[in-house]
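Summary of structural features
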Amino acid sequence: MNIATLLPFILIIGVMLLMTRSAKNKQRQAAEMRNQMQPGTGVRTIGGMIAKVKEVRDTTVLLEVAPGVHSLYAKNAVGAVLSDEEYDSLVNNDIPLTFDEHPGVDGTPVVEPADEPEHAAKSQDEEPVNLDKAAATDGEATDAKDAVRDADTAKDAKDSEK
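Cut-offs used in this document
- Residues numbered from 1 in each chain as written.
- Predicted model: local features only at pLDDT ≥ 70, side-chain atom pairs only at ≥ 80, totals over all residues.
- Heavy atoms only, no water.
- Helix = DSSP H or I, 4+ residues; strand = E, 2+ residues; numbered from the N terminus.
- Buried < 20%, exposed > 50% of the residue type's maximum accessible area, 1.4 Å probe, protein only.
- Areas by Shrake-Rupley, 256 points an atom, 1.4 Å probe, with all protein chains shown as cover.
- Pairing = 2+ DSSP bridges.
- Core = buried A, V, L, I, M, F, W, Y, C linked by side-chain atoms within 4.5 Å.
- Contact = heavy atoms within 4.5 Å.
- Salt bridge = Lys/Arg side-chain N within 4 Å of Asp/Glu carboxyl O.
- Patch = residues over 30% accessible without salt bridge, like charges linked within 9 Å, V, L, I, M, F, W, Y side chains within 5 Å.
- Axes fitted to C-alpha atoms, helices over the stretch in contact; angles between N-to-C directions.

1. What to know about the overall build of the protein chain
Summing up its helical and strand segments, the protein chain has 3 helices and 7 strands in all. The buried share of the protein chain, reckoned over its 162 residues, is 12%. A total of about 13400 Å² of accessible surface is found on the protein chain, and carbon and sulfur atoms cover 56% of it.

2. Re the pairing of strand β1 (residues 42-45)
In terms of strand pairing, β1 meets strand β2 (residues 50-56) through 3 bridges, oriented antiparallel. Bridge assignment links G42 to a residue of β2, and that residue is K52. With antiparallel pairing between neighbouring strands as the criterion, β1 and β2 make up a hairpin whose turn holds 4 residues, including G48 at a positive phi of roughly 100 degrees. Of the strand pairs in this sheet, β1 and strand β5 (residues 78-82) are connected by 4 bridges, and their pairing is antiparallel.

3. Overview of the nonpolar core
M37, V43, A51, V53, V61, L63 and V78 form the largest nonpolar core, which has 7 residues in total. Only β2 and β3 (60-66) provide two or more residues apiece to this core. Those residues in contact with M37 that sit more than four places away from it in its chain are V43, V53, V56, V61, K75, V78 and V81.

4. Quick look at the pattern of salt bridges
One side chain can pair with another of opposite charge once the charged atoms of both are near each other. Summed over the entire model, instances satisfying the criterion amount to 2 salt bridges. In this structure, the salt-bridge partner of E32 is R28, at a minimum N-O distance of 3.3 Å. You can see E32 and its partner R28 sitting in helix α1 (residues 3-35), 4 residues apart, about one turn around the helix. Using a relative accessible area of 41% as the deciding quantity, one classes R28 as partly exposed. E55 serves as the salt-bridge partner of R57, at 2.9 Å between the closest nitrogen and oxygen. The exposure class of R57 is partly exposed, given its relative accessible area of 34%.

5. Some words on a nonpolar patch on the surface
A surface patch of nonpolar side chains, about 300 Å² in accessible area, is lined by L6, F9 and I10. Following the sequence through the fold, I10 ends up in helix α1.

6. Observations regarding the sheet that holds β1
The strands making up a sheet associate through backbone hydrogen bonding, with each pair oriented either parallel or antiparallel. Taken in spatial order, the 5 strands of this open sheet run β4-β3-β2-β1-β5, and their pairing is antiparallel. The two strands at the open ends of the sheet, each matched to only one other strand, are β4 (69-74) and β5. Neighbour-to-neighbour, the strand axes of this sheet turn through a mean angle of 45 degrees, independent of strand direction. Here helix α2 (residues 84-91) sits on the sheet in contact with β1, β2 and β5, set at roughly 130 degrees to β2.

Next comes the structure, spelled out in structure tokens:
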């Protein structure tokens, strides 16, 4: 046989071996990461939930999602083991804010945000949105049941014309 005919097959086999090797390495690294879990460490699940490890079992892990709230997850559901700093910053939603301190009425310092975000400030001349059914315009369906009823009425009227 000619080497030119075997070369594509050899390349395909080589690429497949490299792909499976890298996948196995990723699986091994994920397993090592999950084995690092100890009670008290912070984790992020593959769904994005941040929790503290309460107990590690053979195939499952007991997570404390809120103080006093525990949930049982498969070890494979843990996407990352977080460092203490990373866990604290995610849980406490650490956003650098500047605060102005001034004395309160009784002399104790009162801390207030220095600048209010633009989206949090409400304009005084904004009118509130009215969500009442009475606010709907003529002929406009006010909810899903009315829309279905209107469609049925239109269908019945069309059928009676025939």
